[in-house]
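Each chain, letter by letter, is given below.
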Amino acid sequence: MNARISAMMCLLCVLGFSDLTRAEDPYSQRVADPYAISPGLPTMSSGTPELYLSFMSGIAMTRSADATFTDGSGATRTPPVSDFVNGVDYRNNFAIGGNAGVWFPTRDKLWGFDLGMELTGFLWQADVAFGRNNFNQDPATGAGTTTEMQGLYIGPNFLLRYPMAMSEAYPNGRWFPYVGIGVGMHQMAMRPGGSLGISAFCCAPGGNLNVNSIPDQRDTTVGWQAVGGVKAHLFKYLAFFVEAKYLQAHHDGLLTDRFGQSFLTFPTTSDPPNPLFLNQYSSTINSIQVHVGLSIHFDWKP
């Protein structure tokens, strides 16, 4: 009887050791970590592309820029005024946006760097305050209006990152710095902000959304941007990031009520609504944007 029990115990030990050896074998079908079969760090062939979806908000700092009016409006004044206005001051304001992209694990082929690409889009305000002579105020009469402006950028970015703190749990890095560059659609929407700068959300029943929607006057051109930032994983599939962007585009069809001639009353009772006076100008719009946000990351298992 004791001999039979001893034989059974030996058989169980042999089976258990065999099962443990098979579980530890990186080529076993039971392995849970898809990177465990790699002899080293994940590469293009052994790693997997990493998709992400991000949401962000922050501040847009639009730099002062010269304006050149192209409608000849300066010659209509008595006495005539110049059609060139230097140093128009755009307000700093909020920005909000998002992006979707993918990283490719190319670090073994590019000296430790990964390549990526994304589609990004963001919206910001860049109003010009009431009171700039010959841009949105008539210096002779004091009549004028805030010029409400809204920017929109949508375009692809081509990215480069350097993964840091790689581990089994974070094979593409726990955190990483990144840089990129892109070209896309740069659009500015404009309108007079109302009598002496009254906006859609302040001081007047109905606001001037009842008179004129800001997207009604738009100018679209090609812009480019450079981006740099740092992203760190809070959890395996959730990351926090902060990034800065430099954005530039030249517009030939920007608009403002140069001499405060638009007569906007609230609520409007005229049919059709009170006419707008809009003077066209060209300018280069430069902005620095600082965004913070959260990214959701996904594994793409081929």
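About the cut-offs
- Residues numbered from 1 in each chain as written.
- Predicted model: local features only at pLDDT ≥ 70, side-chain atom pairs only at ≥ 80, totals over all residues.
- Heavy atoms only, no water.
- Salt bridge = Lys/Arg side-chain N within 4 Å of Asp/Glu carboxyl O.
- Helix = DSSP H or I, 4+ residues; strand = E, 2+ residues; numbered from the N terminus.
- Buried < 20%, exposed > 50% of the residue type's maximum accessible area, 1.4 Å probe, protein only.
- Contact = heavy atoms within 4.5 Å.
- Phe/Tyr/Trp six-rings, centres within 6.5 Å; stacked < 30°, edge-to-face > 60°.
- Lys NZ or Arg CZ within 6 Å of the ring centre and 35° of its normal.

Enquirer: Got a minute to help me understand the pattern of salt bridges in this structure?
Expert: Once their charged atoms are close, side chains differing in charge can pair, the charge on each being opposite to the other. One pass over the full model with this rule turns up seven salt bridges. Glu148 serves as the salt-bridge partner of Arg191, at 2.7 Å between the closest nitrogen and oxygen. With a gap of 43 residues between them, Arg191 in strand β7 (residues 175-192) and Glu148 in strand β6 (residues 147-161) connect regions that are remote in the sequence. The pair Arg191 / Glu148 is uniform in exposure class, with both members buried. Glu243 serves as the salt-bridge partner of Lys245, at 2.4 Å between the closest nitrogen and oxygen. Each member of the pair Lys245 and Glu243 is classed as buried. A network of salt bridges, in which partner residues are shared, links Glu50, Arg107, Asp114 and Arg161.

Enquirer: Teacher, can you tell me more about the environment of Ile288 here?
Expert: Along the chain, the position of Ile288 falls in strand β10 (residues 279-299). In this structure the C-alpha to C-alpha distance between Ile288 and Ile59, which are 229 residues apart in sequence, comes to 8.5 Å. Contact partners of Ile288, with chain neighbours within four places excluded, come to Ile59, Ala60, Met61, Lys245 and Tyr246.

Enquirer: What's the story with the packing of aromatic side chains in this structure? I'm lost.
Expert: Each aromatic ring pair is described using two quantities: the centre-to-centre distance and the angle formed by the ring planes. For the structure shown, the criterion picks out nine aromatic pairs. A connected cluster of aromatic rings, assembled from ring pairs, spans Phe69, Phe135 and Tyr281. Over the aromatic face of Phe176 sits the side chain of Arg161, whose NZ or CZ is 4.7 Å from the ring centroid. Geometry around Phe69 places Arg258 over its ring, the cationic atom sitting 4.1 Å from the centre.

Enquirer: Can you help me understand the side chain of Thr62 in this one?
Expert: Mapping Thr62 onto the fold places it in strand β1 (residues 50-62). For Thr62, a relative accessible area of 4% corresponds to the buried category. Apart from the residues lying within four places of it in its own chain, the contact partners of Thr62 are Tyr90, Asn92, Trp124, Ala126, Ile285, Asn286 and Ser287.

Enquirer: I would appreciate a short explanation of unusual backbone geometry in the present structure.
Expert: Working note: non-glycine residues mostly have negative phi, and peptide bonds are mostly trans. With omega at -5°, the peptide bond leading from Thr78 into Pro79 counts as cis. Positive phi outside glycine occurs at Trp111, with the angle close to 55°. Looking at the secondary structure, you find Trp111 in the loop between β4 (93-104) and β5 (114-125). For Trp111, a relative accessible area of 74% puts it in the exposed group. Unlike most non-glycine residues, Asn134 shows phi in positive territory, near 65°.

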